[in-house]
Amino acid sequence: MGVLWRKRSLLLKLVVIVGTAWFTIAFLLYSDNGATSPNRIEMPEMLRERENRENRVLDRENVERVVPFRTASSLKVERREEKREDDGGVLAPPQDNYGEMGKPVVLPANLSADVKKMVDDGWLKNAFNQYASDLISVHRSLPDPRDEWCKKQTYHSRLPSTSVIICFHNEAWSVLLRTVHSVLDRSPSDLIEEVILVDDFSDMEHTKEQLEEYWAKEPKVRIVRAKKREGLIRARLIGAAHAKGKVLTYLDSHCECALGWLEPLLDRIALNPTNVVCPVIDVIDDATLEFHYHDSGGVNVGGFDWNLQFNWHAVPEHEKKKHKNTAEPVWSPTMAGGLFSIDKDFFERLGTYDDGFDIWGGENLELSFKTWMCGGTLEIVPCSHVGHIFRKRSPYKWRQGVNVLRRNSVRLAEVWLDEYAKYYYQRIGNEKDDYGDVSKRKELRKNLGCKSFKWFLDTIYPELFIPGEAVANGEIRNLGYGGKTCLDSPARKADMHKPASLYPCHRQGGNQ
């Protein structure tokens, strides 16, 4: 009986001790007039706000509040975050989705003064919306623009590797990185021998040490720097001189390659090394960075006019009849010149570019003419898509007083156009100026045994109107009004459908 009482007494003591301890803890936690602990209120709120920030997506009405402007340095951090896979979640990837799947970035109308200045500065330096570009991941996703026919194709079992050559001068950081990443991210690694970035004497800070640090751990990317401002043509030749790949693939520095872009190009060269091939060039909007594409039914081929200016036109009927599917490669009289692949040996056999050409202009037509006339084939490959930012002006400055485009075009006409050169000269008032020595280029053509320009027009570009075949040519001058006005029509795109009327005759010192 005594033992039982002692056990009950011990149990009562434990109950009292536990109750006292519980009361003490509760008092400490809920003291200060019953106010709740700040940690117990704020922690859930902090977590919810953090979750909201991490899950927040594009809010076009509040773009300044949601995502601050990302500088070049922050984009470097973004790359490390996106590429890092073993961080255990310590570095979270970017949570926004600006521009993903090629969607546009639309900035609100009510930008603050500071942001508007950054937007305006970006336009001034680059002639496109750099601010919008900097909001987009350098690894952004794109829609697959290929036709179903393309997705079912099998390619040559031994495709050649290619050196991708990208020339740039003071290119915007995010656009340049996105160009390179699109090559690396959407190309089979074994087909990319290297990516050669040719710096044409840039002076912006981000193109120097920062660019080298960014690509330091990517063995396929090499940076080659020109010792002076060379211009696009000679910069491309610098890249070719450093290239190790069997095929040279040239891209501009403001492009984005789509899924499956490379294999169809290399396949055509694997079948015939004299094939020079171009992708379909899709439009990346200069204001919103939206990726616009169309199916193979809308593919165009290249041409030119007698001002020796490149233009696009629909695939001619005689070419369509050669194919069963619109996605098959089609012959193109000329290339735009910025995006193409060519066998390195064939490029060198054709004499690469005319070393008398300066800066840019005319090199695309020269390579087009001699490809066809000297034993090659020039094709547009609809299964290959590369987006390109088309700028409405050039943001770069060159020396004044030299008409580079005319000089290059005269050299082109002297070497390749034979008797048809007169039609170009008529359009420049027969003012050929000093175009240098073209004897070596004429000798090259002779040694290659190239066909005549008449053969090219008859066989490859029969659609081109030849002025000499007109019933008559010349001006219709109004002699009853001082003889200074002629029948003419406006040439601007907005005026194309306006009727012909009287305008000041050409070559009178006006603006015509």
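In the nomenclature of an unreviewed UniProt entry, the protein chain is known as Polypeptide N-acetylgalactosaminyltransferase of Phaedon cochleariae. Under the UniProt heading Cofactor (unreviewed entry), the entry covering the protein chain gives this text: "Mn(2+)". UniProt annotates the protein chain under Pathway (unreviewed entry) with the comment "Protein modification; protein glycosylation."

### Things to note about the environment of Val198
Mapped onto the elements, Val198 comes out in strand β2 (residues 192–199). Separated by 33 residues in the primary sequence, Val198 and Ile165 have C-alpha atoms spaced 7.2 Å apart. Setting aside chain neighbours within four positions, we find Val198 in contact with Ile165, Ile166, Cys167, Phe168, Val224, Ala235, Ile238 and Gly239.

### Digging into empty space enclosed by the protein
By the definition in use, this model includes one cavity of 30 Å³ or more. Its boundaries defined by the atoms lining it, the largest cavity holds a volume of some 30 Å³. Forming the walls of the largest cavity are Cys278, Ile281, Trp312, Met335, Ala336, Gly337, Leu339 and Ile380. Tallied by class, residues from the lining of the largest cavity come to seven nonpolar, one polar and no charged.

### Brief notes about the packing of helix α14 (residues 363–373) against helix α18 (residues 453–460)
Put simply, α14 and α18 touch, their axes get as near as 10 Å, and they point 85° apart. Classified by the interaxial angle, the pair formed by α14 and α18 is roughly perpendicular. Of α18, the residues touching α14 (which contributes Phe369, Trp372 and Met373) are Phe453, Trp455, Phe456 and Ile460. When grouped by side-chain class, the residues that make up the contact of α14 with α18 number seven nonpolar, no polar and no charged.

### Comments concerning the state of the cysteines
Within the structure shown, the criterion is met by three disulfides. Note on cysteine connectivity: Cys486 is disulfide-linked to Cys505, with sulfurs 1.9 Å apart. Note on the Cys486 and Cys505 pair: the S-S dihedral is about 95°, so by sign convention the disulfide is right-handed. A residue pair is termed long-range when its members are at least 10 positions apart, and Cys486 in strand β14 (residues 485–488) and Cys505 in the segment after β15 (501–504) qualify at 19 residues. Between Cys257, a cysteine without a disulfide, and Cys255, which holds the nearest cysteine sulfur, the sulfur-to-sulfur distance is 6.7 Å. Residue classification places Cys257 among the buried positions, given a relative accessible area of 0%.

### Considering the environment of Val299
Position of Val299 relative to the elements: it lies in the loop between β7 (291–292) and β8 (300–304). According to the relative accessible area criterion, Val299 is buried, its value standing at 7%. Sequence separation between Val299 and Ile380 is 81 residues; the distance between their C-alpha atoms is 8.5 Å. Once residues lying within four places of it in the same chain are set aside, the contact partners of Val299 are Val280, His294, Val315, Ile380 and Pro382.

### Considerations on α14
Across the eleven residues that make up α14, a large majority, eleven, are buried. Buried within α14 we find Glu363, Asn364, Leu365, Glu366, Leu367, Ser368, Phe369, Lys370, Thr371, Trp372 and Met373. Positive phi shows up at Gly375, right after α14, with a value of about 105°.

Calculation rules
Every residue gets a number counted from 1 within its own chain, in the order that chain's sequence is written. Residues qualify for local features only when their pLDDT is at least 70, as the model is predicted, and side-chain atom pairs are given and counted only at 80 or more; totals for whole chains, interfaces and linings, by contrast, use all residues. To obtain the side-chain values, all non-hydrogen atoms of the structure were included, while hydrogens and water were left out. UniProt positions are given in the numbering used here, feature names are shortened, and annotations may be inferred rather than shown by experiment. Counting from the N terminus, the helices are the DSSP runs of H or I reaching at least four residues and the strands are the DSSP runs of E reaching at least two. It only takes one pair of heavy atoms within 4.5 Å for two residues to be counted as in contact. Space inside and on the surface of the protein is sampled on a 1 Å grid over the protein atoms alone, with a cavity defined as a set of points where a 1.4 Å probe fits but cannot get out and a pocket as an open set with protein on both sides within 12 Å along at least 5 of 7 lines; lining residues have an atom within 4 Å of a point. Grid points are joined across faces, edges and corners, and a volume is the space filled by probe spheres set on the points. Gly is put with the polar residues, along with every residue not named as nonpolar or charged; the nonpolar set is Ala, Val, Leu, Ile, Met, Phe, Trp, Tyr, Cys and Pro, and the charged set is Asp, Glu, Lys and Arg. Where helices are involved, their axes are fitted lines through C-alpha atoms of the stretch in contact, as for all axes, and angles between N-to-C directions lie from 0 to 180°. An angle below 35 degrees is treated as roughly parallel, one above 145 as roughly antiparallel, one from 65 to 115 as roughly perpendicular, and anything else as oblique. Throughout, disulfides are identified as pairs of cysteine sulfur atoms within 2.5 Å of each other. Buried, partly exposed and exposed residues are distinguished by accessible area as a fraction of the type maximum, computed with a 1.4 Å probe on protein chains only: under 20%, between the cut-offs, and over 50%, respectively.

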